[in-house]
Amino acid sequence: MIVMKFGGTSVQDAKAIDRVAQIVQGRLADRPVVVVSAMAKVTDSLLAMGKAAGSGDRKTALKMARTLRERHYETAGELLGTALFTEFHGDLGADFEDLDELLRGIGAVGEITPRTYDYVASFGEVLSSKIVSAAFVARGLPGAHVDSRQCLLTDSSYTRAVPQFDETNERLRKKVKPLVDSGKVPVMGGFIGANRAGITTTIGRGGSDFSAAIFGAGLNAERIEIWTDVDGMMTTDPRLCADTRRIKVISFDEAAELAYFGAKVLHPATVLPAVQQNIPVYVLNSMNPTCEGTKITARAPRCSNIFKAIALKKKITLVEVASPRRLLVHGYLKSIFEAFDQHGVAVDVVSTSEVSVSVTAETNEAIPALAADLAKIADVKYEGRKAIVCLVGENLRETPGIAAKVFGILENVKIRMISQGASEINLTFVIEEDDASEVVRRLHHAFFAEADPEVFA
Ligand code: ADP
Ligand code: ASP
Ligand code: MG
C-alpha cells in the first residue's frame, strides 16, 4: 500500500486532474490511497470570503462563493461529461448551498471565530476530493471517496489542530484499509479533520502533506509520495534561482530543517510520522511524472558538498528583549517565552547574550500586543521585514571553518542574528528582507556551482 498526495497545482483544473488519474492508474498495483489538497488558491479564497463575511460584507463573500462554485462546476463538467455531471451536480450543489448558508450566518453575526474559519476552509478539500474521486470513476479507476473528517481525529485547537494518532490510526484501519483490500482507491481530502464532537478542524496551512504522512503511517504504507509542481526538493526555491539542482536523496533530518525554515515544498510536520516508522517519502512532479524526484530516507548517502540546500523564509519580525537590570535573573527567560506562548506567537530562531534575548517570529498581528506585554519586564524593540536564511547539510557537523566561508561570501551584508541549530546540521542567520534573494543567489552560486553527481541531478 502506498499514499499519493497531490497538491493544489496538481489538481488545479480538469487537465491537471486528468494527469492525476493517469499517474494513479500507473500505480494501481501498489494499492494507492490518494490524498488531495484543495484546487490551487481555493483555500486562500475561502479564507478571504470568511473574512469578508466576518466584516459584515456579505455581498462580496457570496460573490466570491459564486465564482468558486462556477470554477468547480466547470472542472467537474469537463472531467465527467454531461451525463455523469448531471448525476454528480446535486452533491456538489449541496456543499455550495451549505457554504452560502454559512457565509450568510457569519455575515449576520459580523464576526468570524477560528472554529468557523476552519469550517469555511474545509470546503476546499471536501470539494476537490469529491471531484477527483468522481473523475477516477469516470475513467474506470475504482475511486472511493472517504470523508477525512471521519478518520482524522484532532483536538480542538482550530486552525492548527493536533492529530490524535492512536484513534486516527484505529479509524484508518476500520474505514480505509478494507477499501484498499477490496481493490478500491480511497480518495481523501488533506488538511481537514474533526474533533471528538465531530466539529470540523484543520491542521494548519499546507497541512495536506501532513495528512498524507499521518495516513501513510497509520496504514503502514510502503512509501508516501508527495506530488507537486517541481521536480523534487531542489537546492533552493527554483523561483529564486535559475540554476537550482534536484536533490536525489536527502535525510529526514535535513528535509525537516529545510521545511521548517521555509522550503515550502514540504510541510515541516510531514516527516515526523514517516520517520517514526521509517517510511520513505518521495517528492515528485505531477507535470513531469517520469522524473525520479527526491527520496527522503532515514540516512543520507555521503555527499561531497557541504550543504544539501538553502531555505529562505521571508516576512519575519525580529524581537529584541533587553533586561534593564543588565543581568538575566532567574526565571527571566521563562517569562519571556511564556509571553510568546500566551500570545500564540511561534518562535523560529533564538539567540541570547548576558543582557538581551533576540527572537524571530513570523510577522503577525499578535506581535504589537506581545511587545506591549514584554515591555512590562524589559526593554523591547521589534522590527519587521526580515528574512531567515538557512543552510542545511549533514556535513556541517564535521567540517570546520564553514561559518567563516559563508560569512566571507556575505561580507557586505548586514547580518542581524546567527544561530547554529542544536541538530548541528543547519546554519541559520537573519537579514533584511530586501537583501534576501540576492544573498540566496550568491550562496547558491558559491556552494552548488559544483555538485556531487551521486546526490544532485
Ligand atoms: P503544493 O501545492 O503541491 O503543496 P507548494 O506550493 O506547497 O505545492 O510547494 C511547492 C513549491 O515549493 C514549489 O513550486 C517551489 O516554488 C517551492 N519551494 C520552496 N523551496 C523549495 C525547494 N528547496 N525545492 C523545491 N521547491 C521549493
Ligand atoms: N489547502 C490547504 C492550504 O492551502 C492545505 C494544503 O494545500 O496543503 O493550506
Ligand atoms: Mg504544500
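All of the points below concern the structure found in this document. (Residues numbered from 1 in each chain as written. Chains lettered and ligands numbered in written order. Predicted model: local features only at pLDDT ≥ 70, side-chain atom pairs only at ≥ 80, totals over all residues. Heavy atoms only, no water.)

**Things to note about the overall build of the chain**
- What the chain contains, in helices and strands, is 13 helices and 16 strands.
- Taking 23 Å as the expected radius of gyration for a compact globule of 457 residues, we find that the chain reaches 23 Å, a close match to that expectation.
- Over its C-alpha atoms, taken along the principal directions, the chain stretches across nearly 70 × 55 × 40 Å.
- Within the chain, the proportion of its 457 residues that are buried is 53%.
- Carbon together with sulfur atoms contributes 50% to the accessible area of the chain, which is approximately 20200 Å² in total.
- The averaged location of the 57 negative side-chain charges in the chain is 1 Å from the averaged location of its 53 positive side-chain charges. (Helix = DSSP H or I, 4+ residues; strand = E, 2+ residues; numbered from the N terminus. Rg over C-alpha atoms; globule rule 2.2 N^0.38 Å. Buried < 20%, exposed > 50% of the residue type's maximum accessible area, 1.4 Å probe, protein only. Areas by Shrake-Rupley, 256 points an atom, 1.4 Å probe, with all protein chains shown as cover. Lys, Arg positive; Asp, Glu negative; His and termini not counted. Charge placed at Lys NZ, Arg CZ, Asp CG, Glu CD.)

**Some words on the site of ligand 2**
- The full set of residues close to ligand 2 is Ser37, Thr43, Glu125, Phe191, Arg205, Gly206, Gly207 and Ser208.
- The separation between an oxygen atom of ligand 2 and a polar side-chain atom of Ser37 is 3.0 Å.
- At 2.7 Å, a side-chain N or O of Thr43 approaches a nitrogen atom of ligand 2.
- For ligand 2, whose accessible area on its own is 260 Å², the fraction buried by protein is 86%.
- For the shell around ligand 2, the residue count by class is 1 nonpolar, 5 polar and 2 charged. (Near = heavy atom within 4 Å. Polar contact = N/O pair within 3.5 Å; in protein donor to acceptor, adjacent residues only side chain to side chain. Nonpolar A, V, L, I, M, F, W, Y, C, P; charged D, E, K, R; others polar.)

**A short note on the site of ligand 1**
- Taken together, 18 residues lie around ligand 1, and Thr228, Asp229, Met234, Asp237 and Arg239 are the ones closest in.
- Residue Met234 places a main-chain N or O atom 2.8 Å away from a nitrogen atom belonging to ligand 1.
- The side chain of Arg239 places a nitrogen or oxygen atom 2.9 Å from an oxygen atom of ligand 1.
- Considered on its own, ligand 1 offers 570 Å² of accessible surface; in the complex 88% of this is hidden by protein.
- In the shell around ligand 1, the residues fall into 7 nonpolar, 6 polar and 5 charged.

**Some details on helix α5 (residues 165-175)**
- Those residues of α5 lying buried are Thr168, Asn169 and Leu172. For α5, the arc enclosing every buried residue in end-on projection is 100°, short of the 170-degree limit, so these residues lie on one face. Counted as exposed and oriented over 90 degrees from the buried face of α5: Asp166 and Lys174.
- Of the surrounding elements, those touching the buried residues of α5 are α6 (177-181), β4 (185-189) and α7 (208-218). (Arc of directions from axis to C-beta. Contact = heavy atoms within 4.5 Å.)

**A closer look at the pairing of strand β15 (residues 415-420)**
- For β15 and strand β16 (residues 426-432), the ladder comprises 5 bridges, and the chain directions are antiparallel. Across the sheet, residue Gln420 finds its bridge partner in β16, namely Leu427. (Pairing = 2+ DSSP bridges.)

**Let's talk about the side chain of Glu225**
- Looking at where Glu225 falls in the secondary structure, it is placed in strand β7 (residues 223-228).
- Taking relative accessible area as the criterion, Glu225 reaches 1% and is therefore assigned buried.
- At 3.0 Å, the side chain of Glu225 forms a polar contact with the side chain of Arg27.
- With residues near it in sequence (within four places) discarded, Glu225 still touches Ile2, Val3, Met4, Lys5, Arg27, Tyr282 and Leu284.

**Considering a negative patch on the surface**
- Side chains of Asp13, Glu70, Glu74 and Glu78 sit close together on the surface and give a patch of like negative charge.
- Along the polypeptide, Glu74 turns up in helix α3 (residues 58-109).
- A relative accessible area of 58% means that Glu74 is categorised as exposed. (Patch = residues over 30% accessible without salt bridge, like charges linked within 9 Å, V, L, I, M, F, W, Y side chains within 5 Å. Salt bridge = Lys/Arg side-chain N within 4 Å of Asp/Glu carboxyl O.)

**Side note on the sheet that holds strand β10 (residues 294-297)**
- Strand order in the open sheet made by the 8 strands is β3-β4-β2-β1-β7-β9-β10-β8, with mixed pairing throughout. Two strands bound the open sheet, and with one partner strand each, they are β3 (143-146) and β8 (249-251). With direction set aside, neighbouring strand axes in the sheet form an average angle of 25°.
- Against the sheet, helix α1 (residues 14-25) engages β1 (2-6), β2 (32-36), β4 and β7, with an angle of about 165° to β1. (Axes fitted to C-alpha atoms, helices over the stretch in contact; angles between N-to-C directions.)

**Some points on the packing of aromatic side chains**
- For the coordinates displayed, the defined rule picks out 9 aromatic pairs.
- A centroid spacing of 5.8 Å and a plane angle of 15° characterise the contact between Phe6 and Trp227, whose relative ring orientation is stacked. With Phe6 in strand β1 and Trp227 in strand β7, the pair connects residues that are 221 residues apart, well separated along the chain.
- By relative accessible area, which is 0% here, Trp227 ends up buried.
- Ring geometry for Tyr73 against Phe85: centres 6.0 Å apart, planes inclined by 70°, an arrangement best described as edge-to-face. In terms of burial, Tyr73 and Phe85 fall into one category: buried.
- In this structure an aromatic cluster arises from ring pairing among Tyr73, Phe85 and Phe96.
- In this arrangement the basic side chain of Lys313 is found over the ring face of Tyr260, its NZ or CZ atom lying 5.4 Å from the centre. (Phe/Tyr/Trp six-rings, centres within 6.5 Å; stacked < 30°, edge-to-face > 60°. Lys NZ or Arg CZ within 6 Å of the ring centre and 35° of its normal.)

Everything listed here is a matter of coordinates, which is why it stays silent on function.
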